[in-house]
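Fold and geometry: a report
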Amino acid sequence: MGSAPLGETELASVRTVNIVKRNFFRDSLQLMRLTDKAKQTLKGISDVAVVMGTTTNKDLLRDIGLLTPEGEQATPSDTLIAVKLETDTSLEGVIQSIERLLEEPTQTSGTQESGVSFSSVEEAFEALPDANLALVSVPGRYATDVAFKILERGVSVHLFSDHVSLEEETRLKRYAADKGLLVLGPGAGTSIISGKGIAFANNVKRGQLGVVAAAGTGLQEISVLVDRAGFGISQGLGVGGGDVKSEVGGIMSKVCIERLERDEETSVICFVSKPPSPEVSEELVNFMGTKGKPFVACLIGGSAVKNVPNNVYMVETLHKAAAKCLNLMGDSLTIATTRKKLESIWTSASFRLGEGQKYVRGLFTGGTLTYESLVITSEMLGEVWSNAPIDATHKLDDHRVSKHNTLIDMGEEEFTEGRAHPMMDPTLRKLRLLEEAKDPEVGVIMLDFVLGYGSHPDPAGAMSDAIIRANQQATKEGRQIVILGHVCGTEKDPQVLSSQEAKLRELGVILFPTNAEMALSAAVIARRDFLITDTARGADTHEKWKSLETPMKKFLGGTL
Amino acid sequence: MDSTNNDTSAPKELKVINVGVELFAEELRKQGVKVIHVDFKPPRKLDEDIEEILSKII
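What you see is a predicted model; the values in this text were computed from it and never measured.

1. Re the sheet that holds strand β5 (residues 117-118) of chain A
Taking strand neighbours across the sheet as the criterion, the 6 strands line up as β5(A)-β2(B)-β1(B)-β6(A)-β7(A)-β8(A) in an open arrangement whose pairing is parallel. On the outer flanks of this sheet lie β5 and β8 (183-184) of chain A, each paired with one strand and no other. Note that strand β1 (residues 15-19) of chain B and strand β2 (residues 34-38) of chain B share 5 bridges and pair parallel. Each bridged residue has a counterpart across the sheet, and for Asn18 of chain B the counterpart in β2 of chain B is His37 of chain B. Set on the sheet, helix α1 (residues 22-30) of chain B makes contact with β6 (133-136) of chain A together with β1 and β2 of chain B; between it and β2 of chain B the angle comes to about 170°.

Next up, the structure:
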């Protein structure tokens, strides 16, 4: 502890104590695991958190009554230990135990050979001279240096790290492209290389579909839907969202498209991204037109491209991208819900809502899933607010407070500064769900559950108590909330799709096989005017259903 | 994906150096991938070092 500042807040039966360890770094996942271990093993405490002293973490500790004035002083470079001690517990004993946990070696699994870790990239290359990929997930300000060190050795990089400037990204990618290497990222959440999932990725079959993605959960959703139809992925290359901005100009997208065009295993290529800069869209689609293989281009929410080449099929959603890819491989998206089934779900769900419950809220862990949902719900509901909106005019003033229709991307920087990603750490989403459930104008809440490598071992189980409490909260106030869910995963994922879905169904969550179906359903249920027969005014039910034809065709295609 | 400038095909066997979040190394090992993990620690800034030395002297 040394001279670490110490602060205590006395309550009736517990004391809250904060200790700040200056300039002490552990990554957010290590600290999340350490906190879990401390909760399970320490006696005489009612709560504990060990976090980096970022604003996000201090906000959370304040909300749950774990922050003292001393803890307020912690900076992002400091580790902050916060404990709530029962009256007769020795502070010294508890702190010593936490200090011991902080000093423990970090390896948690592996044989002697596989579990070994090194302190520098140079040492690692000595131990594995024939390495053919590096996965880099260091804080953004160090990422470029680390990536260059690896590229200089002739090895490609998957750069998970965020907060790398577009200028640095361009420099890295130009260098890599000149050397015939890949820089996947920065901010690349997912790749599937030679059948292995890199960072956040699902366990999917190998097959003939190649994917280039400037949209991490876009790659996850498409690879999962294709796998569930019995097909597979040859290579799934995540290039990072910055690649399709005009500053970077799609450097790595083109390199990856070129590789997949030459790859014998790949017969169909899918390109997926959030909206690229218009000139990059045009350039990339034209580039696809110079190739021989068929392309499915899903530029979610992107502007229309002029003169689309004959071998390129433009689609609006991930759902439609998967359906078109399957179609090109000789099959269809058979897991899509039928129109009849959707109508039945919408009707019964909408009758559970009171008159004043008119708004949709979405709490997402996947950035692309958020974006796809924003595109769909904005068209059907009008204004939809977000911390990561389609256009800047719909940005929430405070990302911690929803208003009207709001969809939140909980993987954005403001929620992850010094914290593990919400796919791994459900804490903030659980608290936010309870907040949304308190709002009497909320009718529908959407939740995504992304399975696969890198994700929480039991995402559904981790949210279950919050879902139960949210429903209890509403019931207590004489309301019901309709909770919709989409699980992005396969049976082969470590969390097992069917087991996760069963847990959520048990909790009353209405599940959809695709994110687009969930988003469209949320809008239909919240609006209700698509559904409810108004015999008094002589409205024709059939006409009302017909008014859904356009959005259904646009976002779900002709698969119903 | 490759370790030479000429061969741009996907590697038959992935061999990965993981720098940063250790979970990613663990997840690759679960898939049977050979991984070497680099336990990254941010380089200390010079002014922090000087501050620490001064705090011991003064």
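2. Things to note about the packing of helix α13 (residues 339-350) of chain A against helix α21 (residues 549-556) of chain A
Residue and element names in this part refer to chain A. Packing of α13 against α21 leaves a shortest axis separation of 14 Å and a crossing angle of 120°. As judged from the angle between their axes, α13 and α21 are oblique. As for the relative orientation of α13 and α21, their crossing is right-handed in sense. Seen from α13, the contacting residues are Arg339, Leu342 and Trp346; seen from α21, they are Glu549, Met552 and Leu556. Each residue belonging to the contact of α13 with α21 can be placed in one class, and the counts come to 4 nonpolar, no polar and 2 charged.

3. Section: the interface of chain A and chain B
Between chain A and chain B, the contact holds 62 residues from the first and 37 residues from the second. Contact between chain A and chain B buries roughly 4400 Å² in total, counting both sides, with carbon and sulfur atoms accounting for 57%. Three residues, Leu128, Asn132 and Leu135 of chain A, lead the burial of chain A against chain B; their summed loss comes to 14% of the area buried on that side. Summed over the shared surface of chain A and chain B, the number is 2 salt bridges. Put simply, Arg33 of chain A and Glu26 of chain B hold a salt bridge, and the shortest N to O gap is 3.1 Å. On the surface where chain A and chain B come into contact, there are 16 residue pairs in polar contact (both at pLDDT 80 or more). Split by residue class, the side of chain A that touches chain B holds 30 nonpolar, 23 polar and 9 charged. As defined by bridge partners, β5 of chain A adjoins β2 of chain B across 2 bridges and the pair is classed as parallel. Bridge pairing in β2 of chain B places Ser117 of chain A opposite His37 of chain B.

4. Quick notes on the packing of helix α14 (residues 367-381) of chain A against α21 of chain A
Residue and element names in this part refer to chain A. Axis separation between α14 and α21 bottoms out at 11 Å; the angle between their running directions is 170°. One finds that α14 runs roughly antiparallel with respect to α21. Here Val375, Ile376, Glu379 and Met380 of α14 lie close against α21, whose contacting residues are Pro551, Lys554 and Phe555. Looking at the contact of α14 with α21, its residues break down into 5 nonpolar, no polar and 2 charged.

5. Topic: empty space enclosed by the protein
Residues and elements named next belong to chain A. Throughout the structure, instances matching the rule amount to 2 cavities of 30 Å³ or more. In this structure, the largest cavity occupies an estimated 80 Å³ of space. At the level of secondary structure, the elements contributing two or more residues to the lining of the largest cavity comprise β19 (442-450) and α17 (459-476). Taken together, the residues of the lining of the largest cavity break down into 8 nonpolar, 2 polar and 2 charged.

6. Remarks on the sheet that holds strand β16 (residues 359-364) of chain A
Residues and elements named next belong to chain A. Taken in spatial order, the 6 strands of this open sheet run β17-β18-β16-β19-β20-β21, and their pairing is parallel. Where the open sheet ends on each side, the last strands, each with one partner, are β17 (385-386) and β21 (510-512). Here 3 bridges tie strand β20 (residues 482-488) to β21, and the two strands are oriented parallel to one another. Directly across from Gly485, in β21, lies its bridge partner Leu511.

7. Quick notes on the layout of surface pockets
Considered as a void within the structure, the second largest pocket measures approximately 910 Å³ in volume. What lines the second largest pocket is a set of 43 residues, and nearest its centre among them are Met32, Asp36, Asp425, Pro426 and Thr427 of chain A. Listing elements by their share of the lining of the second largest pocket, those giving two or more residues are α1 (28-41), β3 (45-52), α2 (55-63), α16 (427-438) and α17 of chain A together with α1 of chain B. Here the element with the most residues in the lining of the second largest pocket is α1 of chain A; it accounts for 9 residues. Counted by class, the lining of the second largest pocket contains 20 nonpolar, 11 polar and 12 charged residues. In terms of domain composition, the lining of the second largest pocket takes at least three residues from each of domain 1 (6-103) and domain 3 (339-559) of chain A.

8. Comments concerning the packing of aromatic side chains
Using the criterion set out here, one finds 5 aromatic pairs over all chains in the structure. Look at Phe160 of chain A and Phe24 of chain B: their rings are 4.9 Å apart centre to centre, the planes differ by 65°, and that puts the pair in the edge-to-face class. Separated into two different chains, Phe160 of chain A in the loop between β7 (156-159) and α8 (166-179) and Phe24 of chain B in helix α1 make up a pair that spans both. With relative accessibility at 1%, the residue Phe24 of chain B sits in the buried group. Taking the centre distance of 6.0 Å and the plane angle of 85° together, the rings of Phe200 of chain A and Phe24 of chain B count as edge-to-face. Taken together, the residues Phe200 of chain A in the loop between β10 (196-199) and β11 (206-214) and Phe24 of chain B in helix α1 connect one chain to another. Classification of Phe200 of chain A by relative accessible area gives buried; the value is 3%. Put simply, the rings of Phe160 and Phe200 of chain A together with Phe24 of chain B touch in pairs and so form one group of aromatic residues. Positioned above the aromatic ring of Trp385 of chain A, the side-chain terminus of Lys403 of chain A is 3.8 Å from the ring centre.

9. Examining α13 of chain A
All names here are of chain A. A rise of 1.5 Å per residue sets the reference length of α13, with its 12 residues, at 16 Å; its end C-alpha atoms lie 16 Å apart and thus fit the reference within 8%. Every buried residue belonging to α13 is among Arg339, Leu342, Ile345, Trp346, Ala349 and Ser350, and all of these are buried. For α13, the angular spread of the buried residues around the axis is 125°, confining them to a single face.

10. What to know about unusual backbone geometry
Residue and element names in this part refer to chain A. Residues Gly185 and Pro186 are joined by a peptide bond in cis, for which omega reads 5°. Tracing the sequence through the fold places Pro186 in the loop between β8 and β9 (190-193). A positive phi angle, near 60°, is found at Ala199, a position not held by glycine. Mapped onto the fold, Ala199 is located in strand β10. Unlike most non-glycine residues, Val496 shows phi in positive territory, near 60°. The topology assignment puts Val496 in the loop between β20 and α18 (497-506). When its relative accessible area of 28% is taken as the criterion, Val496 is described as partly exposed.

Conventions and cut-offs
- Residues numbered from 1 in each chain as written.
- Chains lettered and ligands numbered in written order.
- Predicted model: local features only at pLDDT ≥ 70, side-chain atom pairs only at ≥ 80, totals over all residues.
- Heavy atoms only, no water.
- Pairing = 2+ DSSP bridges.
- Helix = DSSP H or I, 4+ residues; strand = E, 2+ residues; numbered from the N terminus.
- Contact = heavy atoms within 4.5 Å.
- Axes fitted to C-alpha atoms, helices over the stretch in contact; angles between N-to-C directions.
- Parallel < 35°, antiparallel > 145°, perpendicular 65-115°, else oblique.
- Left-handed = near helix turned anticlockwise from the far one by under 90°.
- Nonpolar A, V, L, I, M, F, W, Y, C, P; charged D, E, K, R; others polar.
- Buried area = accessible area lost by both parts, 1.4 Å probe.
- Salt bridge = Lys/Arg side-chain N within 4 Å of Asp/Glu carboxyl O.
- Polar contact = N/O pair within 3.5 Å; in protein donor to acceptor, adjacent residues only side chain to side chain.
- 1 Å grid on protein atoms, 1.4 Å probe; cavity = no way out; pocket = protein on both sides within 12 Å on 5 of 7 lines; lining within 4 Å.
- Points joined across faces, edges and corners; volume = space filled by probe spheres on them.
- Domains from an automatic or database assignment.
- Phe/Tyr/Trp six-rings, centres within 6.5 Å; stacked < 30°, edge-to-face > 60°.
- Buried < 20%, exposed > 50% of the residue type's maximum accessible area, 1.4 Å probe, protein only.
- Lys NZ or Arg CZ within 6 Å of the ring centre and 35° of its normal.
- Expected span 1.5 Å × (residues − 1).
- Arc of directions from axis to C-beta.

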